[in-house]
Amino acid sequence: MITDEIRKKIQGVPYHFPPPLPKEERNESKMNVLPESEYVLIESSQSRDSYDELHLYDGANYVSVPLWLDDEYSAYAEFFDGFNATMILRYENGIWSIPTIYEEIVPLEGFVVIANGAQDVTCHFKAEQYQTPPTRYLYEGWSIVGSWDIPQWSARDNFISVVDDWTQATGYDAENQQYETSIINGGSGYHSDERVIYPGKGYYLWMNGPATLVPLKGTKDFQDLYYPQVGVEWVNDYTITPLSNSDDTAIGFYNTLGNAGWVQMFEKGDDEAQTSHFTVGEDWKYIDGVDVALFAGHGSFNITAYWIRLMEPKIVLFPTCEWGDHDLEWIFLHGCHTTKCPENFKAWPYWTMNGVHLVCGFYSEGWDVDDGTRLANYLLEGQTIKNAWFNATDYTHGSGIILRVIGENEACGNDHIWGSGSVISDPPVDANTYDEWWHYCD
Amino acid sequence: MKKNVLIIGFAVIILGIIVVMVGLTSQQQVTEGISVSDLPSIPETTGASGPYVLATTYPVVNDTYPVYKTIPPDFTDERVNRLRNLFGFSPNAQAGTSNEDVQVADGSKNPGSHLTIYKNSGAFMYNIPEKYFPYSTDVQPDLPSDEEARAIATKYLLERDLLPDDVQFKEVSIGSKYGHKTQDSYVLYNLTKRVRFVKEIQGIPVCNAGIAVSIGDKGEVVMATSSLREFYPEPVRFVKVLTPEQAYQRLLSNDLMIMPLGGGYDEILITNVTLGYWMEIQTYPQKYIMPVYAFSCVTGRGDETEQVMRYVSAVDPSEVQDLS
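Caption draft 1: Focus on the overall build of chain B. Regarding its fold elements, chain B presents five helices and 15 strands. Among the 324 residues that make up chain B, the fraction classed as buried is 49%. Within chain B, counting contacts between residues at least 6 apart in sequence, those at least 24 apart form 62% of the total. Accessible area for chain B stands at about 16200 Å²; split by element, carbon and sulfur atoms hold 53% of it.

Next comes the structure, spelled out in structure tokens:
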């Protein structure tokens, strides 16, 4: 017999009905079973024709702005000037409210517009240099959220900073005035968290506990100290020369910093580790979207270049990377020969060191051992970045192994991770200079 | 006959791998703005299992060798205090313990010093972090000659009763460096020298552990460590060891004590093969000390050469399955 309790779970996750709009009546009998939208895929794409225009339909529209609005157009009254609407509603911590005309519309916050007929609203965004990533505190229960920036990311990527807390995201098909099929954290099929969160739309997001939503894109020089972010990639499952400890090193590092309050942005292992996560184009969503990153796996080289090996045939050539122009301050490359040739880091066509303070790696071979938790602990204890790398790796590596840290300048050598000591301002990038520290293990 | 079949079979496998890799190369991910022709192909991703070339003779070894049982590591307060006293720590120095180690930090002096005792091995390291780990400078530190460094290290260890009779001097090398590169210059400063000592068990060297001392500016000792494990002198029993030829085959199949994190070598020249006793990484537990084959290799990239080591167990697991 199918009980109500079973009916109200999707893929093992308790289903939550979106809160009714003010004065909206609920048919309680319908709340004992999952709505029809959960049995067929109902999903609408962007509710706008272009990035700077919101297209609204007659009735309820769940919307958001993906970027900061220009100061002259950021208040509700200015944004909806001349617009024919019955009501505009916000929802936070279980309470509906009507914003004042002076309140600012901000990214990550979704709201409901009850429109009288289809209309278009123009978004006047600030210039790119003023588009610093926002953050938002989310209470337990429902919130209405939006995504940050123009690119379309999956729900999994969008909500990765609150991955332990969100369970369900539900959009709204404004054209047909119906809820969309829920996206479930870790779900599959119709409910897959690989489904896209469309910029400009608003989504109900259910939180099992309070947490801070931080966009996937980095928060360079904006809130690093308050929302320091960590990301790791690792590979064990090589076809040729598989490894055993890359996952331990990466996940140990990731979780130790995460348990200390760092925002865990991504942990990609084996075939999830992608070249594009490291290279120009998409690195700002991954390696260059966090403050500290770590890769554990093989390094390799030929007569012309050095690179990181991902699962065959994927590789990451250093001159295809540009780290630090977005957010990355420090990266640990736990693989052979990863810092043997710093000339590779400022070569044609891209500079691997393009704002990143330190690249920590091996001049020689390294060993397939677990160094991640220890490294993170040393960082949290207040050791400098380079000393923590030398100390943690020396712990497991013996004679013949040489570690090398490359810094943009000398002062970078005194950097600590955010919250554990001093950090220099982002250094100017010089095409021809670097500083380096070598440590021979024993 | 069997050997020829084996060689032909091996060659066919290698050829197959090359064909597959050439195919895979054409599928490399390409970053926007860079054409495929800009990217080097994936060459020797066969890595450590690939191009070994034997350029030495095999050692003559006995059929059997003794196995020794380790003494449970000592990290009692008594030993910690003895080491604290040896390295001149203040009685007020702060001590802490984790799953892996006991750590003592002495901030009473400037710069402070640090002592770590590893719980799974009993190994220890004393150092002055500010001077032991590489730092920035624009002046070449006043380092002793190699002979002077050896004398300083030996005296330092003897004064503290840390140099047993079966531990011998091995080499003096660089311990840390700092470099600064500009458009017009590249300056590299040697910051410390490392003096290494190696232990022998019945004339057979211990691999992956030893005693070392680092010496910095004006001959100051900035680090002393021993990664040697204590063991009972009476062997548990003798075990049959693999022949060097069998060990070489294990090397070719990548059956190593520690896997390196890389590859890409066109050629790895094996210049020496010796039998040794294996002591695990100091963070790992170890009950028995057993024979291992050490392959000393020279490899490199272009004109650069690099020394690498490969270690292969000299004992088949079936020989020691009763040792738990």
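What follows picks up the thread again.
Caption draft 2: View of the confidence of the model for chain A. Scored by pLDDT, chain A comes out at a mean of 91, with 95% of its residues at no less than 70. Ignoring residues within four places in sequence, the model shows residues 1-6 of chain A, a span with pLDDT below 50, making three contacts including any to other chains.

Caption draft 3: The arrangement of the interface of chain A and chain B in detail. Facing the 65 residues of chain A at the interface are 66 residues of chain B. For the pair chain A and chain B, the summed buried area comes to about 5500 Å², and 55% of that belongs to carbon and sulfur atoms. Counting across the interface, chain A meets chain B through six salt bridges. A salt bridge links E365 of chain A to R310 of chain B, with the nearest nitrogen and oxygen atoms 2.6 Å apart. Only β22 (299-301), β23 (306-309), β24 (315-317), α5 (372-381), α6 (385-394) and β28 (434-440) of chain A provide two or more residues apiece to the side of chain A that touches chain B. With seven residues, β28 of chain A is the largest single contributor of residues to the side of chain A that touches chain B.

Caption draft 4: Quick look at the nonpolar core. Ranked by size, the top nonpolar core spans 98 residues in total, and within it F278 and W323 of chain A together with F87, L115, Y293 and F295 of chain B carry the most contacts. In terms of residues, this core owes the most to one element, strand β13 (residues 268-278) of chain B, which gives five residues. Contact partners of L115 of chain B, with chain neighbours within four places excluded, come to V80, L83, R84, F87, F89, V102, Q103, V104, F124, M125 and Y126 of chain B. Counting 54 residues, the second largest nonpolar core, distinct from the first, contains L294, W330, C360 and W389 of chain A.

About the criteria used
Residues numbered from 1 in each chain as written. Chains lettered and ligands numbered in written order. Predicted model: local features only at pLDDT ≥ 70, side-chain atom pairs only at ≥ 80, totals over all residues. Heavy atoms only, no water. Helix = DSSP H or I, 4+ residues; strand = E, 2+ residues; numbered from the N terminus. Buried < 20%, exposed > 50% of the residue type's maximum accessible area, 1.4 Å probe, protein only. Contact = heavy atoms within 4.5 Å. Areas by Shrake-Rupley, 256 points an atom, 1.4 Å probe, with all protein chains shown as cover. pLDDT = per-residue confidence, 0-100. Buried area = accessible area lost by both parts, 1.4 Å probe. Salt bridge = Lys/Arg side-chain N within 4 Å of Asp/Glu carboxyl O. Core = buried A, V, L, I, M, F, W, Y, C linked by side-chain atoms within 4.5 Å.

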